[in-house]
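Secondary and tertiary structure notes
Chain by chain, the residues:
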Amino acid sequence: MKVRLSLQEVATGVTKKFKVKKDVTCSHCHGSGAEGGSGTETCPTCHGQGVVVKTVRTMLGMMQTQTECPTCHGEGSVIKNKCHECSGSGIVKGEEVVEINIPAGVAEGMVVNVQGKGNAGPRQGTNGNIQVLVEEEPNDTFIRDEQDVIYNLLLDFPTATLGDEIEIPTIEGTKVKIKIEPGTQPGKTLRLRGKGLPAVQGYGTGKGDLVVNVSVYIPTTLSKDEKAMVEKMRGSDNFKGDAETKKSIFERFKNYFN
C-alpha cells in the first residue's frame, strides 16, 4: 500500500485508517476449511508423508526426486468434507478496515511493515503483513533536508538594516519569535535547535533543526520620493559595504561553486 503524508504528519506521526481488500477468514467454517466440523483424514496420495517420490530412468541410471504432495500440499492430511464457502481453503475474499500507525520522522521511500494485518493464512494459518510505502506531499513553506527543515525568510530592506523581532512558522503549525540583528546580510542563516524533524525509530536519535535562510527584498519600482531617499543614501559610505562584508560575500559565492 501507499500512504501520502504531509510534513506536519511526518513531524508528529499519524494513525491512518484504510479499507483493505484482502483474504479474510471464512466465517462459515471459522477458517478450518471443513464443512460442519468434519475434520481431516490421511492423504491418500502421500499416505501422510506430505511428499511424493518419483523414480525416473536416465542415462546415469535410476534417479529419485522428492516433491511436495500435489493433493495435500505437504500437510499429510486432507479435509473429509470441504467447506462449501471457501472450498476447503479456510479463506475468502473480503475487506477490512485497518488502522496503521506511522511513526514520526519517516521519509520518502521508507516502508512501514504492519505485522499480522495482511492476508489471512489458509486453514487458520498465520496472517501475512501489510507493507506501507511512504510518500511525502510537497510543502509550500518548508524544504526538508533529512532531519532539518529549511525556511526561506524574506526581509524588507528596513528590517534587515535596523533589526527587529519577528515571527516565523514552525512545522508543528505554531509560530516562534526570532531576533533579526541590525545589518543582517542576505544569505545569513539562523539555526533554531530542536525545531526540525525527529529521527525515525531505529534510525538515529534527537530532532533536527529549523534552518532560517535570510533573503532581502529589493523593490523593483519606486515612487519619486522613495527614489530621492535612495539616491540620498547612495552617497553615504555606510551603504557601500565595508571590506569585511565584501570578503564574506565573496567567500559565500566561492563556496557555492566549490
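Use the structure listed above.
Figured I'd write up the structure that's included with this text. (Residues numbered from 1 in each chain as written. Predicted model: local features only at pLDDT ≥ 70, side-chain atom pairs only at ≥ 80, totals over all residues. Heavy atoms only, no water.)

Attention now goes to the overall build of the protein chain. When helices and strands are counted, the protein chain shows 4 helices and 15 strands. Relative to the compact-globule value of 18 Å for 258 residues, the protein chain shows a C-alpha radius of gyration of 34 Å, a clear excess of over 25%. Projected onto its principal axes, the C-alpha positions of the protein chain cover 105 × 50 × 35 Å. When each of the 258 residues of the protein chain is scored for burial, the buried share is 30%. As displayed, the protein chain has an accessible area near 17,300 Å², and 50% of this comes from carbon and sulfur atoms. (Helix = DSSP H or I, 4+ residues; strand = E, 2+ residues; numbered from the N terminus. Rg over C-alpha atoms; globule rule 2.2 N^0.38 Å. Buried < 20%, exposed > 50% of the residue type's maximum accessible area, 1.4 Å probe, protein only. Areas by Shrake-Rupley, 256 points an atom, 1.4 Å probe, with all protein chains shown as cover.)

A few words on a nonpolar patch on the surface. Together, Phe157, Ile218 and Phe239 line one region of the surface with nonpolar side chains, adding up to about 290 Å² of accessible area. You can see Phe157 is positioned in helix α2 (residues 157-162). (Patch = residues over 30% accessible without salt bridge, like charges linked within 9 Å, V, L, I, M, F, W, Y side chains within 5 Å. Salt bridge = Lys/Arg side-chain N within 4 Å of Asp/Glu carboxyl O.)

Moving on, we come to the sheet that holds strand β15 (residues 210-217). Strand order in the open sheet formed by 4 strands is β10-β11-β15-β14, with mixed pairing between adjacent strands. Taken across any chain shown, the strands that pair with only one partner, and hence form the sheet edges, are β10 (142-145) and β14 (189-192). Adjacent strand axes in the sheet meet at a mean angle of 30° when their direction is disregarded. (Pairing = 2+ DSSP bridges. Axes fitted to C-alpha atoms, helices over the stretch in contact; angles between N-to-C directions.)

Put simply, the second largest pocket is a space of about 230 Å³. Contributing to the lining of the second largest pocket are 13 residues, with Thr71, Val78, Ile79, Lys82 and Arg123 lying nearest its centre. By residue number, the principal contributor to the lining of the second largest pocket is strand β6 (residues 77-79), which donates 3 residues. (1 Å grid on protein atoms, 1.4 Å probe; cavity = no way out; pocket = protein on both sides within 12 Å on 5 of 7 lines; lining within 4 Å. Points joined across faces, edges and corners; volume = space filled by probe spheres on them.)

Time to look at a negative patch on the surface. Among the surface-exposed residues, Asp156, Asp164, Glu165 and Glu167 lie close enough to one another that they form a single negatively charged patch. Considering every element that reaches the negative patch, the biggest residue donor is strand β12 (residues 164-169), with 3 residues. Considering the arrangement of structural elements, one finds Glu165 in strand β12. (Lys, Arg positive; Asp, Glu negative; His and termini not counted. Charge placed at Lys NZ, Arg CZ, Asp CG, Glu CD.)

Strand order in this open sheet of 3 strands is β1-β9-β8, and the pairing throughout is mixed. Here the strands that pair on one side only, and so sit at the sheet edges, are β1 (2-5) and β8 (111-114). For this sheet, the mean angle separating the axes of adjacent strands, direction not counted, is 30°. With 4 bridges connecting them, β8 and strand β9 (residues 130-136) associate as antiparallel partners. The residue of β9 that forms the bridge with Asn113 is Gln131.

Below, the discussion takes up the pattern of salt bridges. Tallying each qualifying case throughout the model produces 13 salt bridges. The partner of Glu75 in a salt bridge is Arg123, and the shortest N-O contact between them spans 2.8 Å. Of the two residues, Glu75 sits in the loop between β5 (61-68) and β6 while Arg123 sits in the loop between β8 and β9, which places them 48 residues apart along the sequence. A relative accessible area of 47% means that Glu75 is categorised as partly exposed. Under the relative-accessibility criterion, Arg123 is labelled partly exposed at 29%.

The next subject is the nonpolar core. Ile102, Leu153, Ile168, Ile178 and Val212 are the most contacted members of the largest nonpolar core, which has 37 residues in total. The contact partners of Ile102, leaving out residues within four places of it in the chain, are Val3, Leu5, Gly13, Val14, Val112 and Val132. Of all hydrophobic cores here, the second largest spans 6 residues; its members include Cys43, Cys46, Val52 and Val78. (Core = buried A, V, L, I, M, F, W, Y, C linked by side-chain atoms within 4.5 Å. Contact = heavy atoms within 4.5 Å.)

Positive phi, close to 60°, is recorded for His30, a residue that is not glycine. For His30, a relative accessible area of 60% corresponds to the exposed category. Positive phi, close to 60°, is recorded for Ser87, a residue that is not glycine. With respect to the helices and strands, Ser87 occurs in the loop between β6 and β7 (91-102).

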